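The lines below spell out each chain.
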There are 2 protein chains.
Amino acid sequence: MSDSVTEEFKKDRLETLEVDDELRLLWRSGEISRFNFIWLRDNARDAKNFDARSHQRRVYTAGLDPEIRPESARLESAGVCIKWPDMTDEVSYPVSFLHQYGFDQPSVQEVVETWGADLEAPKMAYSTLRDRQGFLLESIRRYGMAIISGCPKEPAAVTEIAERLGYIRQTIFGDVWSFEADAARDDSAYSTEGLRPHTDGSFSFDPPGIQILLCLENVASGAESILVDGFHVAAALCRDQSDVFNDLCEIPITGIYKGDGVLLRADHPVFRVKDGRVCQVCFNNYDRDIMRLPDEQMLRMYQGIRVVDSMFNDRANQWRYTLAAGEALVFDNWRVLHGRTAYKGRRK
Amino acid sequence: MSDSVTEEFKKDRLETLEVDDELRLLWRSGEISRFNFIWLRDNARDAKNFDARSHQRRVYTAGLDPEIRPESARLESAGVCIKWPDMTDEVSYPVSFLHQYGFDQPSVQEVVETWGADLEAPKMAYSTLRDRQGFLLESIRRYGMAIISGCPKEPAAVTEIAERLGYIRQTIFGDVWSFEADAARDDSAYSTEGLRPHTDGSFSFDPPGIQILLCLENVASGAESILVDGFHVAAALCRDQSDVFNDLCEIPITGIYKGDGVLLRADHPVFRVKDGRVCQVCFNNYDRDIMRLPDEQMLRMYQGIRVVDSMFNDRANQWRYTLAAGEALVFDNWRVLHGRTAYKGRRK
């Protein structure tokens, strides 16, 4: 609980308690909190019902009487004490707990700023990584990306950045790896061709989240990095062509990876919506499998791809940047599509 | 393409081709295949449109004319040749390709055998891992589990088994690790208590798939492993109490992990359905977060948990087995819940 919430409930003490078919608390502010008995019983946080060290529930919820009622409930300065029929000791529910769960949770509307070509990309120096971890996290949360300059030109720098963010996920490609143009590899990432904006891992049940691209060497011409904010495109599409947007939220598109002795396939809609907001963008036309859909759905899929991929490839939606050696691009692969222009020369 | 399909289309050659608002093929069998133009153009597999080595699409699908029509289309012994208005050369579509995508795909109804207490668990010897990889994969696909006996009593054996199955995923706990009762750790897995059946990683967006538990040492009494087939329980519930089943497919339940400096939280319904079949089971009452849902939905959630967790804890649905040192339990954590009885003594 944050300090401000603590301060708030200190001012807002409990006045009275009523128990009939639910437990009601009247706060000094005049507001009322309502609690269901089975919910209170399930969330008893005494040692028998909850392991405070592991933060794990102990109670066998399925074994509770769904009609359970308190034998007694009394107000105390510290909160509410309840005697349940299936327990020997009273359970106390602190004021802070009752306050936290007694009101509609303030919906933490996360500030997400969508962007197009004119993004002023958040940048930070590698040397400040430890002190400014919050800046990095906030940049990724808000913009879906950040640039880190002055990195050591070695893969270990990627590991160091990654460890500020979480743990490193294994993929079919390994965990941390470097690549350059390599005709021996079965993926277009290893070519010098331009790559239209796409997300990675559309062939995987769980496409990677945060990705880090560190430029180790750039003596090439071309090779601009291209980033597109998928949430920005989704919002525009939802506003201007909601039918197409809805199709792209519904029609599953199959990604496929075939090569290096591996065959992976998975379905994702272009936009995954949760609680009324787009939470995941998944689009990779390179890796789209041959799919047979019913005629009508297939035509809607093609229309959707035509519209949305034109937007992904519209310069107005593309932020472009040429990475220098020692610069790392950190981006949220669930939100931001990435690509690059073609290049000549060496780049790693 | 499998050999049997190859044989099939060899017998079933093309007779005639019609082009009006679609392309139709009449096969010698009398059957007709219909192909939409945009689909055919998108799936042209010549070098300009498709990279045969990386198996990746090159064509910029969004740039294709949705009203595209062939300039010409002709039957050849090898298949169909089409001249598209936006291409210089003809594209050929082999008979095998036209056959593969010209008919409704035979729905590969995977044989899944659900089970209860009387499961005859598939077993194999560690020494046969290389030769009988197919048996291991088929056992997991069919039963969601397998036992491997005679493993070296060291974590490297887990890595060896895992590499027969895919790549090893990193989690907050690392990749391969050993544990025994350890009061210093923030998770009930490290205690000697019994653990009711649960799936792992309900607090993660992407709970682990196949898990491997290798018994390194067992000089304990108790410590029976308990496995429950979530698909079996889902089928029974869907049949007998479809309202409860539907609730459990819909109500998102929040898992939480808090400890060791980490806070993770994610929502999953107990049963995730795809294409009319349960494809993922996610239930861990230990790690269920305190959640406020609208009253009516909350009561349905508690009813759902009461019903389904009673089934998970019903001995008739539990396959029980005491692992000996050197035995590994491999199971699909998207299907099979695992638990254990309490124990005394040392177990690793």
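Please read all numbers here as calculations on a predicted model, not as lab measurements.

The rules behind each value
- Residues numbered from 1 in each chain as written.
- Chains lettered and ligands numbered in written order.
- Predicted model: local features only at pLDDT ≥ 70, side-chain atom pairs only at ≥ 80, totals over all residues.
- Heavy atoms only, no water.
- Least-squares fit on C-alpha atoms with pLDDT ≥ 70 in both.
- Buried < 20%, exposed > 50% of the residue type's maximum accessible area, 1.4 Å probe, protein only.
- Helix = DSSP H or I, 4+ residues; strand = E, 2+ residues; numbered from the N terminus.
- Contact = heavy atoms within 4.5 Å.
- Polar contact = N/O pair within 3.5 Å; in protein donor to acceptor, adjacent residues only side chain to side chain.
- Pairing = 2+ DSSP bridges.
- Axes fitted to C-alpha atoms, helices over the stretch in contact; angles between N-to-C directions.
- Salt bridge = Lys/Arg side-chain N within 4 Å of Asp/Glu carboxyl O.
- Buried area = accessible area lost by both parts, 1.4 Å probe.
- Nonpolar A, V, L, I, M, F, W, Y, C, P; charged D, E, K, R; others polar.

Draft legend 1. Examining the relation of the copies chain B and chain A more closely. Least-squares fitting of chain B to chain A yields an RMSD of 0.1 Å, with the transformation described by 0.0 Å of translation along the axis and a rotation of 180°. The superposition of one copy onto the other is thereby described by a two-fold rotation axis.

Draft legend 2. Up close: helix α6 (residues 230-240) of chain A. Residues and elements named next belong to chain A. Considered for burial, the residues of α6 that qualify are G230, F231, V233, A234, A236 and L237. Against the buried residues of α6 lie β14 (225-229), α7 (242-250), β17 (271-274), β18 (277-281), α8 (295-312) and β21 (336-340). At the N-terminal end of α6, a side-chain oxygen is found 3.0 Å from the backbone nitrogen of F231, two or three residues along, and the residue is D229.

Draft legend 3. Geometry of the sheet that holds strand β1 (residues 14-19) of chain A. All names here are of chain A. One open sheet accounts for three strands, arranged β1-β2-β3; its pairing is antiparallel. Since the sheet does not close on itself, it has two edges, and those belong to β1 and β3 (32-35), each with one partner. Neighbour-to-neighbour, the strand axes of this sheet turn through a mean angle of 20°, independent of strand direction. One ladder, built from five bridges, connects β1 with strand β2 (residues 23-27); its direction is antiparallel. Bridged to L14 within β2 is W27.

Draft legend 4. Layout of the pattern of salt bridges. Overall, the coordinates contain 50 salt bridges over all chains when judged by the stated rule. One salt bridge in this structure joins A:E76 and A:R74, with 2.7 Å as the shortest N-O distance. You can call A:E76 partly exposed: its relative accessible area is 34%. Judged by its relative accessible area of 36%, A:R74 is partly exposed. The shortest N-O distance in the salt bridge between B:K83 and B:E71 comes to 3.3 Å. Placement of the pair is B:K83 in strand β7 (residues 79-83) and B:E71 in the loop between β5 (56-57) and β6 (72-76), with a sequence separation of 12 residues. Given a relative accessible area of 19%, B:K83 falls into the buried group. One network of salt bridges, with partners in common, ties together A:E18, A:D20, A:E22, A:R24, A:R34 and B:D295.

Draft legend 5. Region of the structure containing the interface of chain B and chain A. The interface of chain B with chain A comprises 60 residues on the first partner and 60 residues on the second. Each partner contributes to the roughly 5600 Å² buried at the junction of chain B and chain A, and carbon and sulfur atoms together form 48% of this total. One can count six salt bridges joining chain B with chain A. Residues B:D267 and A:K274 are paired through a salt bridge, measuring 3.7 Å at the closest nitrogen-oxygen approach. One can count 36 residue pairs in polar contact (both at pLDDT 80 or more) joining chain B with chain A. Mapped onto the side of chain B that touches chain A, the elements with two or more residues apiece are β3 (32-35), α2 (37-42), β5, α3 (95-102) and α8 (295-312) of chain B. Top contributing element to the side of chain B that touches chain A by residue count: α8(B), with eight residues. Considered class by class, the residues forming the side of chain B that touches chain A number 24 nonpolar, 13 polar and 23 charged.

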